[in-house]
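Take a look at the letters that make up each chain.
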Amino acid sequence: MKLVTVEEMRAMELAAVEAGVSEEQMMEEAGLAAAQEAWMLLGTLEGREIVVLAGPGNNGGDGLVAARHLHDWGAEVTVVAPRGRRDDSNLAELKSRQINVAQKDNFGEALPLLTTADLVLDGLLGVGKKRPLTEDEPIGEALVALENARSSAHPPKVLAIDLPTGLDADGGGVDSLTVAADLTVTFGLPKVGMYQAMGSGVVGRVQVVDIGIPQVAMEEALLELITSRWAHETLPERPEDGNKGTFGKVLVVGGCMRYRGAPALVAKAAYRTGAGLVTIACPEPIIASIAPITAETTWLPQEAAKDGGLQGKAALELRPEWASFDAGVVGPGLGHTGETRSLIWALLPDAAQDIAGRIVIDADALNGLAELEDGAERTPAGAVLTPHPGEMARLLKSTVEDVQANRVGAAREASRRYGCTVVLKGAHSVVANAEGQVRISPFANPLLATAGSGDVLAGMIAGYLGQGLDAFDAGTLSVYLHAAVGEALRLDYGESGLLAGELTARLPKVIREIVEA
């Protein structure tokens, strides 16, 4: 499903106007759709009390159109416009029907109606909201009253028009006064902020409606929400006459005395996605402790550095080995030392040459990459970077706060700067490629916030790289499946208590369910 930024949506609306669809027609379609969804949300309209909160802009205009239709269909409608509305045809239509419209001079007198309403339509502010809201301004006062009504014994349902007031349509940030909706009726295409934390927590169920945007304009959108249908169509085929060579060989480079389990989790995840053979290159002293938990893995033992990790010269030892593999992972459990930087600097060109750059750069390899002056130049085009927000901040020389404020923008910038696919992990993980395309996970699940979860994701991506998917598809498919497994386990565990290894155990069942869907 396509998603849009505010800028892209405005361009699409302009394209609609140029194609002969007037702004008035789009507003009529939007308001009518909101009214129809309100009817379905309530089930019946006769005698039901509905309050429409209307802002001063187009979002409020959509609300006025909805108010007219709901009145005509039998509802008892009151319009509250905290900042007033200029006289226009929509307002005139309401006045001709003697619908109560409380404007800025007396809107406070109508706010008690929120406590008795069956439904409230939030049409105060749309995508144009620019600054924080305050309780001492009219719109803030209306939102406080609505939140109080929602906390009552018989709260009204809330339908947001296009998006809840105070939600950042691009970054997903939520104003402190934003009131969560039961249903958001959004127009043309969903806005990307609706599928970012914290935005996804306030939109409720999302209904997308057509308002006359040309199909060709919507198809040009570069943002997508990952769906199970897409995953079903993208999973690699498994020919019956295949062998372990058919399904790819993966080399995992990582591990140290302190983080010895990480490469084992990577290996198990790669196997669970269908990889034919996985080999771990790690410090020789840790093999005995992790070999029993991944008996299927083969090994390339390496001399340990003084800190228990891999030496930089391991890159030279591995140089003749890369040609035997189809994909790789570097970083899980590697540790963050000068040896790590040396290893990454020397290893990446070999991966670019011998496995066409099909390598996942994860964990401490990302930190090492961020410290290299020529890190971007040495990153293979076929690579996948898998940073969490802290690692992303280091890659971009930014801050975690800036990354989280615009996750899509951060992922796009990193993929442009490093010339490869980037997976920004977290709630609603973001996958971006160097061409500006972005795919977003529909899931946000605190159960996955556990040590080793990222190692599993890295192994899954490498497994699919080895089976022939390109970096963007391998990253996207792995993000979706990883989260889908989390959703399945959430039914068993709730919000906490997951061990990362349980993801790999459940993964084949979830894949089978998607294949058979």
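Bear in mind that the values here come from a model prediction, so they are computed numbers and not experimental data. (Residues numbered from 1 in each chain as written. Predicted model: local features only at pLDDT ≥ 70, side-chain atom pairs only at ≥ 80, totals over all residues. Heavy atoms only, no water.)

Here we look at the overall build of the chain
Point 1. Assigned secondary structure in the chain consists of 20 helices and 18 strands.
Point 2. Each of the three principal axes of the chain carries a C-alpha extent, and together these read 85 × 45 × 45 Å.
Point 3. When the 517 residues of the chain are sorted by exposure, 56% land in the buried category.
Point 4. Looking at the chain alone, contacts between residues at least 24 apart form 71% of all its contacts between residues at least 6 apart.
Point 5. When the accessible surface of the chain is summed, it comes to about 21000 Å², and 49% of that surface belongs to carbon and sulfur atoms.
Point 6. On the chain, the mean spot of the 43 positive side-chain charges and the mean spot of the 69 negative ones are 4 Å from each other. (Helix = DSSP H or I, 4+ residues; strand = E, 2+ residues; numbered from the N terminus. Buried < 20%, exposed > 50% of the residue type's maximum accessible area, 1.4 Å probe, protein only. Contact = heavy atoms within 4.5 Å. Areas by Shrake-Rupley, 256 points an atom, 1.4 Å probe, with all protein chains shown as cover. Lys, Arg positive; Asp, Glu negative; His and termini not counted. Charge placed at Lys NZ, Arg CZ, Asp CG, Glu CD.)

A closer look at the domain arrangement of the chain
Point 1. Looking at the assigned domains, one finds that the chain contains domain 1 (6-221) and domain 2 (228-516).
Point 2. Using only C-alpha atoms to locate each centre, domain 1 and domain 2 end up separated by 42 Å.
Point 3. Listed as interface residues are seven residues of domain 1 and, on the opposing side, nine residues of domain 2.
Point 4. Taken over both partners, the interface formed by domain 1 and domain 2 buries close to 600 Å², and the fraction arising from carbon and sulfur atoms is 52%.
Point 5. Summed over the shared surface of domain 1 and domain 2, the number is zero salt bridges. (Domains from an automatic or database assignment. Buried area = accessible area lost by both parts, 1.4 Å probe. Salt bridge = Lys/Arg side-chain N within 4 Å of Asp/Glu carboxyl O.)

Structural notes on the side chain of Asp455
Point 1. Within the fold, Asp455 resides in helix H18 (residues 453-466).
Point 2. Buried Asp455, no salt bridge; nearest opposite-charge side chain is Lys425, N-O distance 6.7 Å.
Point 3. Look past the residues within four positions of Asp455 in its chain and what remains in contact with it is Ala262, Leu265, Val266, Pro332 and Asp362.

Some details on helix H9 (residues 262-272)
Point 1. Summarising burial for H9: eight of the eleven residues are buried, a large majority.
Point 2. Within H9, burial applies to Ala262, Pro263, Ala264, Leu265, Val266, Ala267, Ala269 and Ala270.
Point 3. Looking at the buried side of H9, the elements it contacts are strand S10 (249-253), strand S11 (277-283), helix H10 (287-290), strand S13 (327-330), H18 and helix H20 (500-516).

Section: the sheet that holds strand S15 (residues 384-385)
Point 1. Spatial ordering of the open sheet is given by S1-S9-S18-S17-S16-S15-S14-S13-S10-S11-S12, a layout of eleven strands whose pairing is mixed. The strands lining the two open edges of the sheet, one partner per strand, are strand S1 (2-3) and strand S12 (298-302).
Point 2. In this structure, S10 lies alongside S11, joined through five bridges in parallel fashion. Bridging across to S11, Val250 finds its partner in Val278.
Point 3. Across the sheet, helix H12 (residues 338-354) touches S10, S13 and strand S14 (359-361), and the angle it forms with S14 is around 155 degrees.
Point 4. Sitting on the sheet, helix H17 (residues 407-418) touches strand S9 (223-225), S15, strand S16 (421-424), strand S17 (430-432) and strand S18 (438-440), and the angle it makes with S17 is about 30 degrees. (Pairing = 2+ DSSP bridges. Axes fitted to C-alpha atoms, helices over the stretch in contact; angles between N-to-C directions.)

A closer look at the packing of H12 against helix H13 (residues 364-371)
Point 1. It is the contact of H12 with H13, at a shortest axis distance of 9 Å, that shows an interaxial angle of 85 degrees. As the angle between them shows, H12 and H13 are arranged roughly perpendicular. From H12, Thr340, Arg341, Ile344 and Leu348 reach across to H13, where they touch Asp364, Ala365, Gly368, Leu369 and Glu371.
Point 2. A per-class count over the contact of H12 with H13 returns four nonpolar, two polar and three charged. (Parallel < 35°, antiparallel > 145°, perpendicular 65-115°, else oblique. Nonpolar A, V, L, I, M, F, W, Y, C, P; charged D, E, K, R; others polar.)

Brief notes about the sheet that holds strand S7 (residues 183-187)
Hydrogen bonds between backbone groups are what pair the strands of a sheet, and the pairing can be parallel or antiparallel.
Point 1. Strand order in this open sheet of seven strands is S4-S3-S2-S5-S6-S7-S8, and the pairing throughout is parallel. Because the sheet does not close on itself, it has two edges, and the strands there are strand S4 (100-102) and strand S8 (205-209). Between one strand axis and the next, the sheet turns by 20 degrees as a mean value, whatever way the strands run.
Point 2. The pairing of S7 with S8 spans five bridges and is classified as parallel. Within the sheet, the bridge partner assigned to Val185 lies in S8 and is Gln207.

Regarding the pattern of salt bridges
Point 1. This structure, assessed with the given rule, holds 22 salt bridges.
Point 2. A salt bridge links Asp118 to Arg48; the nearest nitrogen and oxygen atoms lie 3.5 Å apart. You can see Asp118 sitting in the loop between helix H5 (107-110) and strand S5 (119-123) and its partner Arg48 sitting in the loop between helix H2 (23-42) and strand S2 (49-54), a full 70 residues away along the chain.
Point 3. Judged by relative accessible area, which is 25%, Asp118 ranks as partly exposed.
Point 4. The salt bridge involving Glu137 is made with Arg131; its shortest N-O contact spans 3.0 Å.
Point 5. Judged by relative accessible area, which is 13%, Glu137 ranks as buried.

Overview of the packing of aromatic side chains
The relative placement of two aromatic rings is captured by the distance of their centres and the angle of their planes.
Point 1. Using the criterion set out here, one finds two aromatic pairs in the structure.
Point 2. Centroid distance Trp39 to Trp73: 5.1 Å. Interplanar angle 40 degrees. Geometry classified as tilted. Placement of Trp39 in helix H2 and of Trp73 in the loop between helix H3 (58-72) and strand S3 (76-80) is noted, with a sequence separation of 34 residues between them.
Point 3. You can call Trp39 partly exposed: its relative accessible area is 37%.
Point 4. With a relative accessible area of 26%, Trp73 lands in the partly exposed category.
Point 5. When the ring centre of Phe247 is taken as reference, the NZ or CZ atom of Arg238 above it lies at 3.6 Å. (Phe/Tyr/Trp six-rings, centres within 6.5 Å; stacked < 30°, edge-to-face > 60°. Lys NZ or Arg CZ within 6 Å of the ring centre and 35° of its normal.)

Considering the nonpolar core
Point 1. Core analysis: the largest hydrophobic core is formed by 57 residues, its most contacted members being Val253 and Ile361.
Point 2. At six residues, H12 tops the list of elements feeding residues into this core.
Point 3. Counting contributing residues, this core receives three or more from each of domain 1 (6-221) and domain 2 (228-516). (Core = buried A, V, L, I, M, F, W, Y, C linked by side-chain atoms within 4.5 Å.)

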